[in-house]
Amino acid sequence: MEKTNENTVTQAIGVFDSGLGGISVLKELAELMPNENYIYYGDSYYAPYGTKSKEEIIDRCIQICDYFINKKVKAIVIACNTATSAAVSILRDKYKPLPIIGMEPALKPAAHDKKNNNIVVMATSLTLNEEKFNDLMKKYSDINNIIKMPCPDLVSIVENDMLQDTALIERTLLKYYSEIDINKLDSVVLGCTHFVFFKEHLQKMLDKKTRIIDGNKGTARHLKDILDNDGKLNKVNEGAKGGEITFLNSYKDERHIELSKILFNFQ
Ligand code: DGL
């Protein structure tokens, strides 16, 4: 275990996503660990990842992580289920022993709830078609009816700054749920970080009893435990300075940085 020192605790945490969805994860990280420094990299120029090949995604992930390594980050959070499915094992191998936290649809808490029989998993096509997710799904499919729901239009709404367009959002959600009997739906798993921005709209459309589950808080807690165990957590009472968030985007324009900040303060 490495010794705690000012240098390791104040090193930034690199957080990235195919675009702006991972900001919903960054928000949880900053809420749980407000003293940390974060560098958020949104790969909006190359978004969406959900319809790309694994090779293309791996290539983008390596470029972003190389950048983080140059910035001497103390950990990386892949704030993207799709990038995690495609690249997490390769990245962990390549950047060992740096902690790399990935994300996957939080199917387990949904499936373990005894009341849950009908579960919708909203995610990208890549995530839903990957072996990793299908293995996870097999574990629970005897007792649960699990419906896969790819929702690419929701990614575009976030990336194109259309979250204020309630009519468009409602139309889009209704389209995706047109075949689902929402009265019989127990849980919805948000398996894409972009979709967390639609939680309120979804809750309005679904039955009040339907649980909407995302993995953002769990991811933040997981990273905190890892940093704490390694003595790298930037604790308030240690007096280490921190709390800076730097937003970067592959579009390299002010508009995407502005939009990132708006999304960080969303809701
Ligand atoms: N935010 C990403 C995820 O969690 C995917 C969005 C995309 O298709 O780029 O899976």
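Here is a short report on the structure shown in this document. All of these numbers come straight from a predicted model, not from anything done at the bench. (Residues numbered from 1 in each chain as written. Predicted model: local features only at pLDDT ≥ 70, side-chain atom pairs only at ≥ 80, totals over all residues. Heavy atoms only, no water.)

Ordered in space as β6-β5-β7-β8, the four strands form an open sheet in which the pairing is parallel. Since the sheet does not close on itself, it has two edges, and those belong to β6 (145-150) and β8 (211-214), each with one partner. Neighbour-to-neighbour, the strand axes of the sheet open up by a mean angle of 20°, direction not taken into account. Bridging between strand β5 (residues 118-123) and strand β7 (residues 187-190) involves four bridges; their strand directions are parallel. (Pairing = 2+ DSSP bridges. Helix = DSSP H or I, 4+ residues; strand = E, 2+ residues; numbered from the N terminus. Axes fitted to C-alpha atoms, helices over the stretch in contact; angles between N-to-C directions.)

This part takes up the site of the ligand. Taken together, 13 residues sit near the ligand, with S18, Y49, T82, T193 and H194 positioned nearest. In the environment of the ligand, a nitrogen atom lies 3.0 Å from a nitrogen or oxygen atom belonging to the side chain of D17. Separating an oxygen atom of the ligand from a backbone N or O atom of G50 is a distance of 2.9 Å. In the complex, 99% of the free accessible area of the ligand, which totals 300 Å², lies under the protein chains. By residue class, the composition of the shell around the ligand is five nonpolar, seven polar and one charged. (Near = heavy atom within 4 Å. Polar contact = N/O pair within 3.5 Å; in protein donor to acceptor, adjacent residues only side chain to side chain. Areas by Shrake-Rupley, 256 points an atom, 1.4 Å probe, with all protein chains shown as cover. Nonpolar A, V, L, I, M, F, W, Y, C, P; charged D, E, K, R; others polar.)

Attention shifts here to unusual backbone geometry. The omega torsion of the bond from A47 to P48 falls at 0°, within 30 degrees of zero and hence cis. Within the secondary structure, P48 sits in the loop between β2 (38-42) and α3 (54-70). Cis geometry marks the peptide bond from K96 to P97, where omega comes out at 5°. As for its position among the elements, P97 is in the loop between α4 (81-95) and β4 (100-101). Phi at D161 is positive, roughly 60°, even though this residue is not glycine. Secondary-structure assignment places D161 in the loop between α8 (152-159) and α9 (166-176).

So, on to helix α7 (residues 131-140). Among all positions in α7, only F133, L136, M137 and Y140 are buried. Viewed end-on, α7 has its buried residues packed into an arc of 100°, placing them on one side of the element. Every exposed residue of α7 that faces more than 90 degrees away from the buried side is listed here: E131, K138 and K139. Considering only its buried residues, α7 is in contact with α5 (107-112), β5, α6 (125-129) and β6. (Buried < 20%, exposed > 50% of the residue type's maximum accessible area, 1.4 Å probe, protein only. Arc of directions from axis to C-beta. Contact = heavy atoms within 4.5 Å.)

Per the stated rule, a full pass over the model turns up 13 salt bridges. The residue E130 makes a salt bridge to K54 at a minimum N-O spacing of 3.4 Å. Of this pair, E130 sits in the loop between α6 and α7 while K54 sits in helix α3, and the two are 76 residues apart along the sequence. Ionic pairing is found between E170 and K204, a salt bridge with its closest N-O pair at 3.6 Å. (Salt bridge = Lys/Arg side-chain N within 4 Å of Asp/Glu carboxyl O.)

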